Structures are given as C-alpha cells and as structure tokens.
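# Summary of structural features
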Amino acid sequence: MEGASFGAGRAGGAVDPVDFLKQPQTILRVTTWIFSIVVFGSIVNECYVNKDSQNPELLCIFNENESACSYGIAVGIIAFFGCIFFFVVDLYFQQISSVKDRKRAVLLDLGFSGFLSFLWFVAFCFLANQWQWTTMSKGVSQGADAARAAITFSFFSIIVWVALAVKALQRYRLGTDMSLFATDQFATDPNAAYPGYPTGSGIESTETYQSPPFTETLDANPKGYQVPAY
C-alpha cells in the first residue's frame, strides 16, 4: 500500500467495511473468537458431571481435576475478550495519526498473540493429558464429546493465534513508509542549496559573448566626409 504505515493507509482515511472483513487478519480474529466460545462453552456446560447417580456433586470431567476445567475456562474467556479488543483496534487503526501509537498497537498485538499461543498450547497439553487419565463412567461418557471438542479447538486455537502473531510481526517489520512525510521538491540535506533553473542541454558554453547587431562603434570621421567650418 502506497504511503502505508504499519500495514494501514494514511491517517483519517475511510474504512471500507467489506474490505475490512475480507482482510486475513480480521478472518483470523473472528475464527479464534469462535474457537474460544467453543472451548469455554463446552467446559462450562458439559464438562462438569456426576461421578455416579448416588453422588450429586459435580466434578470436572478431566480426571476430576478442577484445575484443568478452570484453566480451560480462563484461557477461553481471556481469548474471547482479547479478540473483541483487538478487533476494535484493527477497525480504528487507520484513524490513529501518530506513528508511535501505531507502533505500540502493533507491538501489543504481537505480544498478546504470542502470549495466547503459549496459553493455548499449555491448555491443549493439560486437557489432553488429564483426559488420557480419566476413568470412563456413565457420567463421563455423557460429556465425552464436549471434552474432546474442548481439546480439539484448543489445538486449533494454537494455530490461529500463531498466525495472528506472524501477521503482527509482518506489520511491525513493514514499519513506516516515509513517503508519508517526504517530498520530491526538497533536498534531503537541510544545508543543500536549492537547484537552479535548467540551462538547456546542461553543457556550459565556452564561447565569449558577441555584441548584438547594429551596435558597432561608428567612425567619428567617415571616409569622404568633412566637418564644415563655421
């Protein structure tokens, strides 16, 4: 993009909603937003089950480890609100006039995406490990599909958040196109003189100037003419 700053156009430019929704970064944010809903929604709704019919206490389906369910819910909620926040930042990013503020926004996006990638990796490993050690029962079998969905979409979330981190890194490396501020009329050196007017071919003539026509010095006493005496 000509005159772009950190992947966005000139400040104050209009944002086309259709083009914005078609951007890969927007699609990735919406995708991971949906994944986060699937993960924490599955755990909250179906991953707390009764161990047996005689015990009314609800236990975490992942090897009865409350920490596993709590961690999955926490990461899902953080990702949910993080996606909303950065979706709004992307929407108004072109309205940010300060290059420094744009840089901070991109660095924040990069750091948050990398951090969420790590959290989802831990969530996937934690949930998968606890599910492996889970003893199957009637109550567990009822929520087995939800547990598998939470594990699966935790893995997919790692991929999407890594992709968002890569996109943020690309925007940071793109940096600022200084054509936003530079012009062709001025020299880069502040002490340089302004260029003069062009002189044709640019080759300086070595010939001396000649006197214009009809300006030769006239002879004071032309031949054959005498000044009359009075």
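Helix and strand content of the chain: six helices and two strands. Mapped in sequence order, the helices and strands of the chain form the string α-α-β-β-α-α-α-α. The buried share among the 230 residues of the chain stands at 31%. Surface exposure of the chain reaches about 15,700 Å², of which carbon and sulfur atoms provide 62%.

So, on to helix α2 (residues 24-46). Counted at 1.5 Å a residue, the expected span for α2 with its 23 residues is 33 Å, and the 33 Å between its end C-alpha atoms agrees. Restricting attention to buried positions, one finds in α2 the residues Q25, T26, L28, R29, T32, F35, S36, V39, G41, S42 and I43.

Residues I43, I61, F62, L116, W120, W131 and W161 are the most contacted members of the largest nonpolar core, which totals 33 residues. Within the residue set of this core, elements represented by two or more residues are α2, α3 (66-91), α4 (99-132) and α6 (144-174). When residues in this core are grouped by element, the largest group, nine residues, is from α6. Each residue touching I43, except ones within four places of it in the same chain, is listed here: Y48, C69, G72, I73, L127 and A150.

One pass over the structure, following the stated rule, counts one disulfide. There is a disulfide in this structure between C60 and C69, and the S-S distance comes to 1.9 Å. An S-S torsion of about 85° defines the bridge between C60 and C69 as right-handed. C60 sits in the buried class, given a relative accessible area of 3%. Left unpaired, C47 is separated from the closest cysteine sulfur, that of C69, by 5.8 Å.

Any two packed helices are characterised by how steeply their axes cross, that is the angle between the axes, and by the distance between the axes. Here α3 crosses α4 at 155°, and the two axes come no closer than 10 Å. Here α3 lies roughly antiparallel to α4, going by the angle between them. When the axes of α3 and α4 are compared, the crossing they make is left-handed. Between α3, through S67, A68, Y71, V75, G76, I78, A79, G82, F85, F86 and V89, and α4, the contact on the second element is made entirely by A105, L108, D109, F112, L116, L119, W120, V122, A123, F126, L127 and Q130. Counted by class, the contact of α3 with α4 contains 18 nonpolar, four polar and one charged residues.

You can see S157 is positioned in helix α6. The class for S157 is buried, based on a relative accessible area of 0%. Not counting residues up to four positions away in its chain, the partners in contact with S157 are F35 and W120.

Turning our attention to a nonpolar patch on the surface. A contiguous nonpolar patch, built from V30, W33, I34, I37, I77, F81, I84, V88, L91 and Y92 and spanning about 830 Å² of accessible area, is present on the exposed surface. For the nonpolar patch, the secondary-structure elements that each account for two or more residues are α2 and α3. The dominant element in the nonpolar patch, judged by the number of residues it contributes, is α3, at five residues. Counting through the fold element by element, I84 comes out in helix α3.

Definitions and limits used
Residues numbered from 1 in each chain as written. Predicted model: local features only at pLDDT ≥ 70, side-chain atom pairs only at ≥ 80, totals over all residues. Heavy atoms only, no water. Helix = DSSP H or I, 4+ residues; strand = E, 2+ residues; numbered from the N terminus. Buried < 20%, exposed > 50% of the residue type's maximum accessible area, 1.4 Å probe, protein only. Areas by Shrake-Rupley, 256 points an atom, 1.4 Å probe, with all protein chains shown as cover. Expected span 1.5 Å × (residues − 1). Core = buried A, V, L, I, M, F, W, Y, C linked by side-chain atoms within 4.5 Å. Contact = heavy atoms within 4.5 Å. Disulfide = S-S within 2.5 Å. Axes fitted to C-alpha atoms, helices over the stretch in contact; angles between N-to-C directions. Parallel < 35°, antiparallel > 145°, perpendicular 65-115°, else oblique. Left-handed = near helix turned anticlockwise from the far one by under 90°. Nonpolar A, V, L, I, M, F, W, Y, C, P; charged D, E, K, R; others polar. Patch = residues over 30% accessible without salt bridge, like charges linked within 9 Å, V, L, I, M, F, W, Y side chains within 5 Å. Salt bridge = Lys/Arg side-chain N within 4 Å of Asp/Glu carboxyl O.

Nothing here speaks to function; it is all geometry.
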